[in-house]
Amino acid sequence: MSDSHSSDAKYDAEKAAPYAGDELGTQMWQVVKWADSFGVEVRGIERVPEEERHHANLYDSGFLWCSANMTISTLSLGTLGNSIWYMGLTDACLTIVFFNLLCTLPVALFSTWGMRTGLRQMVIGRFSFGSIGIYFPVLLNCIACIGWSVINTIVGASALRAVPGKHELPTAAGIVIIAVLTLFVALFGYKYVHAFERYASIPVFVIFVIMYGEAGKHIASSISAPGAATAASVLSFGGTIAGFALGWTSLAADYTVNFPADSNKTKVFLATYAGLNLPLIFVECLGACLMATFDSKTTWADAYDANGLGGLLGAPLSAMGGFGSFLLVLLALSIVANNIPNMYSFALTFQVFGKYAQAIPRMFLVMIGTVIYIVLAIVGADHFESWLDTLLVILSYWLAIYTIILIEEHYLFRGGSFAGYNLDGYDDHSVLPKGYAALLATGFGVMGAVLGMAQTWYVGVIGIKIGGPPYGGDIGFELSGSFAAITYPIFRYVEKKMIGR
């Protein structure tokens, strides 16, 4: 693979030199050149030339997403149907299946775009939002990458704290352990991310199968009574599921840029789609199933009340003694596989802020992001569940807008082919659109989200009508995407007529 060559280091350092000419910038790039000799990836958001793309195993796209989602943070999502919306097991699992199958389609599609363009996901967004308008999605994606890392690390630390022993591991120590392990892989870059994720899901899958076996005889199946309240719960929980699945759309192309441009597009799409849905559905349904055991296993309910998700994870494994504790440690560390893409893509996303941001080497941005989410995770460790639900739903709003705009731009205005893109002009203001249409459509999408949202801190005028007061039902995800889908073609047509690009 071509992502760790000294010539690449020299190229990137020289490209960044006009914007990092001070002493600090020069010193950072000297460190990068030194790190390059150890295999650390140097390339940032620069387009990967076709002759340098030698990542031949197309199934790695599926393996990466399988490992990134075969984690306890995915399981925690499955518990929310019961813990927040009091849904029965059957309707919770049906909601999980439907919304995942729907919302992972754009992730699989965008994975093929990275292969065809050699560009990172947020850079591709410049061809719809323009070089300045893309700052809004970039800002939100940086927040998402940090926010997910915070939540994931809190989950992992709670599981480490739940490991039986004479001395309970402090939450802060667990957070630091997970963050340092994540940093090591994300720092080295693309090749090492894929190498780690290729196998990380295997032991975790085995543990989850064991947990299914332990929980199976205690699961009480139930379905919520039909009615407006149940419909509202399905839509609200579905928006949460959508936020998790759609969360990868803003990162998808980052992990296929080294695939040869003429690779089999269908194979990459299907590998990605399967790699996402197998763990998402399997693990989220396990979370829902564990919440349905409390009537039969009151000790598991007590463990959940006492230690949250960590207690729930440890309860089925506690009967295995020391071996069960070992399995719980492995589950806690599975969070690393989910955090790695967040930290790797955080650095690449930040560089899209412009030339000066691009001049900061990727490896230093990974370090900065790690320090930020360690601090936030320690501070927010006691607010996990409320943070999780709020972040997931808000993510579903903006990602629906971003996804719709990119897809409509590609198929309605560029003929569904990258022949209509000047890919080498990814950082050329004179080539890229102004982005007015995308920003206006985003504004209308936000309007739809506000009208349809139903959160504890705000319920929209349409959202309140879905399930009735005081909570209503959240359809902000559906309305934000619909409003953007209707308005973007209109605004983009006018923009092209007036500006010409």
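Remember, it's a predicted structure, so these values are computed and weren't measured experimentally. (Residues numbered from 1 in each chain as written. Predicted model: local features only at pLDDT ≥ 70, side-chain atom pairs only at ≥ 80, totals over all residues. Heavy atoms only, no water.)

**Points about the overall build of the protein**
- Each helix and strand in the protein was counted, giving 23 helices and two strands.
- For a compact globule of 501 residues, the expected C-alpha radius of gyration is about 23 Å, and the protein comes in at 23 Å, within 12% of that figure.
- For the protein, long-range pairs separated by at least 24 residues make up 84% of all intrachain contacts whose partners lie at least 6 apart in sequence.
- Between the centroid of the 26 positive side chains of the protein and the centroid of its 34 negative side chains there is a distance of 7 Å. (Helix = DSSP H or I, 4+ residues; strand = E, 2+ residues; numbered from the N terminus. Rg over C-alpha atoms; globule rule 2.2 N^0.38 Å. Contact = heavy atoms within 4.5 Å. Lys, Arg positive; Asp, Glu negative; His and termini not counted. Charge placed at Lys NZ, Arg CZ, Asp CG, Glu CD.)

**Section: the packing of aromatic side chains**
- Throughout the structure, instances matching the rule amount to 26 aromatic pairs.
- Ring centres 4.8 Å apart and planes at 40° place the aromatic pair Phe418 and Tyr421 in the tilted group.
- A cation over a ring is seen here: Arg414 above Tyr421, with NZ or CZ 4.5 Å from the ring centre. (Phe/Tyr/Trp six-rings, centres within 6.5 Å; stacked < 30°, edge-to-face > 60°. Lys NZ or Arg CZ within 6 Å of the ring centre and 35° of its normal.)

**Focus on the confidence of the model for the protein**
- Overall, the prediction assigns the protein a mean pLDDT of 90, with 93% of residues at 70 or greater.
- Note that residues 1-7 has pLDDT below 50 and, in this model, 20 contacts with residues that lie over four places away or in other chains. (pLDDT = per-residue confidence, 0-100.)

**Looking at the environment of Val459**
- Summarising the element assignment, Val459 is placed in strand S2 (residues 458-459).
- Residue Val459 is classed as partly exposed on the basis of its relative accessible area of 24%.
- For Val459 and Gly472, which are 13 residues apart along the polypeptide, the C-alpha to C-alpha distance reads 7.0 Å.
- Val459 has contacts with Met453, Ala454, Ile464, Pro470 and Tyr471, leaving out every residue within four places of it along the chain. (Buried < 20%, exposed > 50% of the residue type's maximum accessible area, 1.4 Å probe, protein only.)

**A few points about the nonpolar core**
- Phe208, Met211, Leu313 and Leu331 are the most contacted members of the largest nonpolar core, which has 140 residues in total.
- In contact with Leu331, not counting residues within four places along its chain, are Ile72, Val204, Ile207, Phe208, Met211, Leu313 and Leu317. (Core = buried A, V, L, I, M, F, W, Y, C linked by side-chain atoms within 4.5 Å.)

**Topic: helix H6 (residues 105-117)**
- Taking 1.5 Å of rise per residue, the 13 residues of H6 would be expected to cover 18 Å, and the 19 Å separating its terminal C-alpha atoms lies within 8% of that figure.
- Positioned one or two residues after H6, Gly118 has a phi angle of 75°, which is positive. (Expected span 1.5 Å × (residues − 1).)

**As for a nonpolar patch on the surface**
- On the surface, a cluster of nonpolar side chains totalling about 750 Å² of accessible area is made up of Tyr436, Ile486, Ile490, Tyr493, Val494, Met498 and Ile499.
- Ranked by the residues each element gives to the nonpolar patch, the list is headed by helix H23 (residues 476-499), at six residues.
- Take Ile499: it is sitting in helix H23.
- Residue Ile499 is classed as partly exposed on the basis of its relative accessible area of 32%. (Patch = residues over 30% accessible without salt bridge, like charges linked within 9 Å, V, L, I, M, F, W, Y side chains within 5 Å. Areas by Shrake-Rupley, 256 points an atom, 1.4 Å probe, with all protein chains shown as cover. Salt bridge = Lys/Arg side-chain N within 4 Å of Asp/Glu carboxyl O.)

**Focus on the side chain of Ser131**
- For Ser131, the position within the fold is in helix H8 (residues 126-133).
- A polar contact of 2.7 Å, which involves the side chain of Ser131, links it to the side chain of His429.
- When neighbours within four sequence positions are excluded, Ser131 is seen to be in contact with Arg126, His429, Leu432 and Pro433. (Polar contact = N/O pair within 3.5 Å; in protein donor to acceptor, adjacent residues only side chain to side chain.)

**Here we look at the pattern of salt bridges**
- One pass over the full model with this rule turns up nine salt bridges.
- In this structure, Lys355 engages Asp427 in a salt bridge whose closest nitrogen and oxygen atoms are separated by 2.8 Å. Placement of Lys355 in helix H18 (residues 355-358) and of Asp427 in the loop between helix H20 (384-413) and helix H21 (436-452) is noted, with a sequence separation of 72 residues between them.
- By relative accessible area, Lys355 is classed as partly exposed at 28%.

**So, the packing of helix H12 (residues 201-216) against helix H15 (residues 298-317)**
- In contact at an axis separation of 8 Å, H12 and H15 are set at 115° when each is read in the N-to-C sense. Contact residues: H12 offers Ile210, Met211, Glu214 and Ala215, while H15 offers Trp300, Leu313, Pro316 and Leu317.
- The class makeup of the residues in the contact of H12 with H15 is seven nonpolar, no polar and one charged. (Axes fitted to C-alpha atoms, helices over the stretch in contact; angles between N-to-C directions. Nonpolar A, V, L, I, M, F, W, Y, C, P; charged D, E, K, R; others polar.)

**Brief notes about the environment of Ile45**
- With respect to the helices and strands, the residue Ile45 is situated in the loop between helix H2 (23-36) and helix H3 (60-69).
- As a C-alpha pair, Ile45 and Ala441 span 396 residues in sequence and 26 Å in three-dimensional space.
- Beyond its immediate chain neighbours, meaning those up to four positions away, Ile45 contacts Arg120, Val123, Arg126, Leu348, Gln351, Val352, Gln358 and Tyr426.

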